[in-house]
Amino acid sequence: MRTPRIVLFGATGFTGRLAAAALIARGARPLLVGRDPARLDAFAASLPVRPPTAVADVSRPESVRRTVGPGDVLISAVGPFMRWGEAAVAAATEAGAVYLDTAGEPPFIKRIFQRYGPAAGAGGATLITAFGYDYVPGNLAAALALHKAGSEAVRVDIGYFVRGDLAARLSPGTRASALGVLLDPMYGFREGRIVREHGRTRAFVVGGRRRYGMAVGTSEHFALPPAHPGLREVNVYLGWLGRLTRAAGTLARATPVLAAMPGARRVTDALVDRVIRSGRPPGHAAPAVSSQIVAEAYDARGRLLAAVELNGGDPYDFTARILAWGATTALAEGVRGTGALGPVDAFGLEALTRGCAEAGLGAETR
């Protein structure tokens with residue numbers, strides 16, 4: 001019988017390369033998978049320990065399925081995920097594997113939980129989407145805040161913020177993913193159910209400063225309520241746009257009108273294609289960026305019960321390290337369930353806290 005292994009799909013992309021290096025640093029020898037054999041071989045040869053490689057392409061789903069077997073851990077870094085992500089999900093589901101991805105696209109995350117999760121559970125597979133800076137830190141911060149708040153908590157608000165020039169640090173894949181979902185409706189979790197969301201904003205105090213975030217759809221909306229039955233509301237806000245956040249919220253409220261305009265989707269698809277073709281990954285000279293994540297738990301009267309702040313470094317470095325931690329942990333120790341899971345459910349709160357600390361993210365309870 002074949003020994004289970006870690007399979008890294010999209011290994012020659014920006015995030016894939018970082019994840020491969022992080023896996024090697026943890027002593028793993030992943031199978032590197034991509035569509036260009038020359039690029040794969042050159043990248044494998046550049047690593048301290050040369051891992052095996054395999055060629056697969058999302059346009060040929062059977063080639064992706066051949067790389068994954070029962071008990072494997074499949075990491076997918078093939079964004080934009082709404083365009084290219086389904087082949088890896090199907091392969092992991094059919095094989096009964098553990099699946100991790102770096103998706104940050106709200107519609108894809110929603111699809112994992114609502115469409116693919118039940119089939120994965122029936123087949124003994126585990127799907128852990130958004131396993132990176134989007135959105136492991138918020139899941140962890142919220143779980144810590146809710147644990148401290150106790151049974152009175154009915155609402156949790158989460159905010160993601162960065163210091164530094166994030167725009168100069170974004171990879172082509174991240175830019176393409178953001179453009180690809182520009183016209184898609186967002187979602188939140190209110191009154192105990194998933195609801196549509198358009199452009200809500202709120203302010204957090206982060207590092208002594210008042211900073212605004214805009215509501216987005218994330219994995220926290222699906223992962224947190226089952227683990228905390230008293231939760232009636234989960235709100236997640238991105239504050240990456242700084243002073244432009246409130247203006248972006250106003251624009252987001254016009255999304256349904258913009259999406260209904262003839263040709264609007266063709267325009268965004270063309271922009272995505274252009275970014276993919278022409279984008280260059282940020283080099284070593286890219287500016288330093290650090291991250292801050294806040295979670296606040298409230299009772300039914302709106303009283304703040306507990307708050308947790310996480311502080312870390314570069315979001316891409318964190319993503320690579322937490323992926324490496326998650327994959328090696330899942331391979332060695334397994335995960336705590338099947339179907340679509342959040343990171344806390346998959347690994348447990350104590351273990352995930354340790355893993356995030358190893359990846360450079362520290363917690364502070366307020």
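Keep in mind it's a predicted model, so treat the numbers as computed, not measured.

Before going further, it helps to spend a moment on the sheet that holds strand S4 (residues 73–76). Reading across the sheet, the seven strands line up as S3-S2-S1-S4-S5-S6-S15 and stay open at both edges, with parallel pairing between neighbours. Pairing within the sheet leaves two strands with one partner each, and these edge strands are strand S3 (53–55) and strand S15 (339–340). Note: strand S1 (residues 6–9) against strand S2 (residues 31–34), three bridges, orientation parallel. Looking across to S2, one finds that Leu 8 is bridged to Leu 32.

So, on to the nonpolar core. Leu 32, Phe 131 and Ile 158 are the most contacted members of the largest nonpolar core, which has 71 residues in total. For Leu 32, the residues in contact, after removing those within four places along its chain, are Leu 8, Ala 11, Ala 20, Leu 40, Phe 43, Ala 44, Leu 47, Pro 51, Pro 52, Thr 53 and Ala 54. Core analysis: the next-biggest nonpolar cluster, separate from the first, contains 25 residues, Ala 87, Ala 92, Phe 108 and Leu 127 among them.

A word on the pairing of strand S12 (residues 233–238). In terms of burial, S12 is a largely internal element, five of the six residues being buried. Examined bridge by bridge, strand S7 (residues 155–163) and S12 share six bridges and lie parallel to one another. Each residue of the ladder has a partner; that of Tyr 160, found in S12, is Leu 238. Where strand S8 (residues 186–190) and S12 come together, two bridges link them in antiparallel fashion. Looking at the pairing, Arg 190 lines up with Glu 233 of S12. The sheet contact formed by strand S11 (residues 209–215) and S12 spans two bridges and is antiparallel. Directly across from Met 214, in S12, lies its bridge partner Leu 238.

This paragraph deals with the environment of Arg 35. Relative to the helices and strands, Arg 35 resides in the loop between S2 and helix H2 (37–46). Residues Arg 35 and Val 58, spaced 23 residues apart in sequence, show a C-alpha to C-alpha distance of 8.4 Å. Sequence-distant contacts of Arg 35, that is, excluding residues within four places in its chain, are made with Val 55, Ala 56 and Asp 57.

The interhelical angle for the contact between helix H7 (residues 136–149) and helix H16 (residues 349–358), taken along N-to-C directions, is 130°, at an axis separation of 11 Å. Classified by the angle their axes make, H7 and H16 are oblique. For the pair H7 and H16, the crossing hand works out as left-handed. Between H7 and H16, the contacting residues are Val 136, Leu 140, Ala 143, Leu 144 and His 147 on the first element and Leu 349, Leu 352, Thr 353 and Cys 356 on the second. When grouped by side-chain class, the residues that make up the contact of H7 with H16 number seven nonpolar, two polar and no charged.

Below, the discussion takes up the packing of aromatic side chains. The geometry of an aromatic ring pair comes down to the distance between the two centres and the angle between the two planes. Using the criterion set out here, one finds 10 aromatic pairs in the structure. With a centroid separation of 5.6 Å and an interplanar angle of 80°, the aromatic rings of Tyr 133 and Tyr 160 are classed as edge-to-face. Taken together, the residues span a long stretch of sequence, with Tyr 133 in the loop between strand S6 (126–128) and H7 and Tyr 160 in strand S7 at a distance of 27 residues. For Tyr 133, a relative accessible area of 5% puts it in the buried group. With a centroid separation of 5.4 Å and 65° between ring planes, the pair formed by Tyr 187 and Phe 222 is classed as edge-to-face. Here the residue Tyr 187 occupies a position in strand S8, and Phe 222 occupies one in helix H10 (residues 220–227), the gap between them amounting to 35 residues. A connected cluster of aromatic rings, assembled from ring pairs, spans Phe 113, Tyr 187 and Phe 222.

The next point concerns the environment of Ala 97. Secondary-structure assignment places Ala 97 in the loop between helix H5 (86–95) and strand S5 (98–101). Taking the C-alpha atoms as reference, Ala 97 lies 9.2 Å from Gly 123; in sequence the two are 26 residues apart. Look past the residues within four positions of Ala 97 in its chain and what remains in contact with it is Val 68, Gly 69, Asp 72, Ala 92, Ala 125 and Thr 126.

Right, let's get into the side chain of Thr 129. Of note, Thr 129 is situated in the loop between S6 and H7. Owing to a relative accessible area of 2%, Thr 129 belongs among the buried residues under this scheme. A distance of 2.9 Å separates a polar atom in the side chain of Thr 129 from a polar atom in the side chain of Asp 101. If we skip the residues at most four places from it in the chain, Thr 129 touches Asp 101, Ala 103, Phe 108, Ile 109, Ile 112, Phe 113 and Leu 341.

What the rule picks out here adds up to 13 salt bridges. Measuring nitrogen to oxygen at the nearest pair gives 3.0 Å for the salt bridge that ties Arg 26 to Glu 358. Of this pair, Arg 26 sits in the loop between helix H1 (14–25) and S2 while Glu 358 sits in helix H16, placing them 332 residues apart in sequence. Notably, a salt bridge pairs Arg 202 with Asp 157, separated by 2.9 Å at the nearest N-O pair. Taken as a pair, Arg 202 in strand S10 (residues 201–206) and Asp 157 in strand S7 lie far apart in primary sequence, 45 residues in all. Asp 157 matches Arg 202 in its accessibility class, with the two residues each being buried. Taken together, the shared-partner salt bridges connect Glu 152, Asp 299, Arg 301 and Arg 303 into one network.

Reading the values: the criteria
- Residues numbered from 1 in each chain as written.
- Predicted model: local features only at pLDDT ≥ 70, side-chain atom pairs only at ≥ 80, totals over all residues.
- Heavy atoms only, no water.
- Pairing = 2+ DSSP bridges.
- Helix = DSSP H or I, 4+ residues; strand = E, 2+ residues; numbered from the N terminus.
- Core = buried A, V, L, I, M, F, W, Y, C linked by side-chain atoms within 4.5 Å.
- Buried < 20%, exposed > 50% of the residue type's maximum accessible area, 1.4 Å probe, protein only.
- Contact = heavy atoms within 4.5 Å.
- Axes fitted to C-alpha atoms, helices over the stretch in contact; angles between N-to-C directions.
- Parallel < 35°, antiparallel > 145°, perpendicular 65-115°, else oblique.
- Left-handed = near helix turned anticlockwise from the far one by under 90°.
- Nonpolar A, V, L, I, M, F, W, Y, C, P; charged D, E, K, R; others polar.
- Phe/Tyr/Trp six-rings, centres within 6.5 Å; stacked < 30°, edge-to-face > 60°.
- Polar contact = N/O pair within 3.5 Å; in protein donor to acceptor, adjacent residues only side chain to side chain.
- Salt bridge = Lys/Arg side-chain N within 4 Å of Asp/Glu carboxyl O.

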